[in-house]
Amino acid sequence: MQYDLIEGDKYKDFQLFNIAVNLHLKEVSSTTISKITLIFDQKYKETFPIGHIKLVVGEKGIFTPQNEYVTAYPNTQFFQAKLKNISEHTIQIKRVTVENSFLQIKDIKINDKSEKQSIGANETINIYFTLAEKSERKADFYIVTPKIEYELAGKTSSSYIDPVFYGVTTLTPEKLDDMLKKN
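Everything numeric here is computed off the predicted structure, so don't read it as measured data.

Chemist: Explain the pairing of strand 8 (residues 91-98) to me, please; I cannot follow it from the model alone.
Modeler: Along any regular strand the residues' side chains alternate between the sheet's two faces. Note: strand 8 against strand 10 (residues 118-119), two bridges, orientation antiparallel. Across the sheet, residue glutamine 92 finds its bridge partner in strand 10, namely serine 118. Bridge analysis of strand 8 against strand 13 (residues 146-152) gives six bridges, and the strand direction is antiparallel. Bridge assignment links isoleucine 93 to a residue of strand 13, and that residue is tyrosine 150.

Chemist: Would you explain the sheet that holds strand 8 in this entry?
Modeler: Hydrogen bonding along the main chain pairs the strands of a sheet, whether they run parallel or antiparallel. Pairing is antiparallel in the open sheet, where four strands are placed in the order 10-8-13-14. Lying at the two open borders of the sheet, with one neighbouring strand each, are strand 10 and strand 14 (155-160).

Chemist: Quick question: what am I supposed to make of the nonpolar core here?
Modeler: One broad rule of soluble globular proteins: the nonpolar side chains tend to lie buried together. Phe79 and Leu83 are the most contacted members of the largest nonpolar core, which has 28 residues in total. Looking at this core, the elements that each hand over two or more residues are strand 7 (78-85), strand 8, strand 9 (103-110), strand 11 (124-133), strand 12 (142-144), strand 13 and strand 15 (164-166). The contacts of phenylalanine 79, once residues within four sequence positions are left out, are Tyr69, Tyr73, Ile127, Tyr128, Phe129, Pro146, Val164 and Tyr166.

Chemist: In this structure, what is going on with the side chain of serine 159? I would like to understand it.
Modeler: Position of serine 159 relative to the elements: it lies in strand 14. Judged by relative accessible area, which is 2%, serine 159 ranks as buried. In this structure the side chain of serine 159 is engaged in a polar contact, spanning 3.0 Å, whose partner is the backbone nitrogen of isoleucine 62. Setting aside its immediate chain neighbours within four residues, serine 159 contacts Gly61, Ile62, Phe63, Pro146, Lys147, Ile148 and Tyr150.

Chemist: Whenever I open this one, the side chain of threonine 130 confuses me. Can you help?
Modeler: The residue threonine 130 is located in strand 11 in this model. Only 3.1 Å separates the side chain of threonine 130 from the side chain of aspartate 107, close enough to count as a polar contact. What threonine 130 contacts, discounting residues up to four positions off in sequence, is Gln77, Phe78, Gln104, Ile105, Lys106 and Asp107.

Chemist: Is there a simple way to think about unusual backbone geometry in this case?
Modeler: Across residues other than glycine, the phi torsion is negative in most instances, and most of the peptide bonds are trans. Unusually for a residue other than glycine, asparagine 67 sits at a positive phi of about 55°. Inspection of the secondary structure puts asparagine 67 in the loop between strand 5 (63-65) and strand 6 (72-73). Even without glycine at this site, asparagine 122 takes up a positive phi of about 60°. Looking at the secondary structure, you find asparagine 122 in the loop between strand 10 and strand 11. On the basis of relative accessible area, asparagine 122 is assigned to the partly exposed category, the value being 45%.

Chemist: Is there a simple way to explain the pattern of salt bridges in this structure?
Modeler: Following the criterion strictly, the structure yields four salt bridges and no others. One salt bridge connects lysine 12 with aspartate 177, and the closest N-O pair in it is separated by 2.9 Å. One end of the pair, lysine 12, is in the loop between strand 1 (2-11) and strand 2 (14-22); the other, aspartate 177, is in helix 1 (residues 173-182), with 165 residues separating them in the sequence. One salt bridge in this structure joins arginine 95 and glutamate 149, with 3.2 Å as the shortest N-O distance. Taken together, the residues span a long stretch of sequence, with arginine 95 in strand 8 and glutamate 149 in strand 13 at a distance of 54 residues. When its relative accessible area of 43% is taken as the criterion, arginine 95 is described as partly exposed.

Rules used throughout
- Residues numbered from 1 in each chain as written.
- Predicted model: local features only at pLDDT ≥ 70, side-chain atom pairs only at ≥ 80, totals over all residues.
- Heavy atoms only, no water.
- Pairing = 2+ DSSP bridges.
- Helix = DSSP H or I, 4+ residues; strand = E, 2+ residues; numbered from the N terminus.
- Core = buried A, V, L, I, M, F, W, Y, C linked by side-chain atoms within 4.5 Å.
- Buried < 20%, exposed > 50% of the residue type's maximum accessible area, 1.4 Å probe, protein only.
- Contact = heavy atoms within 4.5 Å.
- Polar contact = N/O pair within 3.5 Å; in protein donor to acceptor, adjacent residues only side chain to side chain.
- Salt bridge = Lys/Arg side-chain N within 4 Å of Asp/Glu carboxyl O.

Remember, this is a structural readout, not a statement about activity or role.
So, in structure tokens, the structure goes:
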């Protein structure tokens, strides 16, 4: 595992930072993590809750983002991307989902049509959907990894698209105070 520590602004008596983790898993599987343990100077150790993040290692994805793929949205209103079917086959898209228990997607459109349609080899598509919270806000921000389920030669498979952050770009003093109270 490799990581980068990216320092942000100072807020009150706190130093804000992001930890960018690069994982290399060897087998096809998935796991959900809900906490991270930091060890300082090999002696001081503290564990922090981080919500529920599902890590999935699967087969090589069949879609690749094109042009300027947006990875951070200020709120949970929509997702929009241009994707290319990099396979050598025509596929039938069955459905689009996000594996996030607090969010639901609706109004799914691929090339301004229903999500269930055929996509040719090396064809570029425009995908769009709206996001809605299932109940009152459970997290200060969300990470969403859209999943496209498709059929190829009679076999159903799925492909994950690069993760997207929602709400993390709108950190206000009020939101930071609320986050610090929780921890």
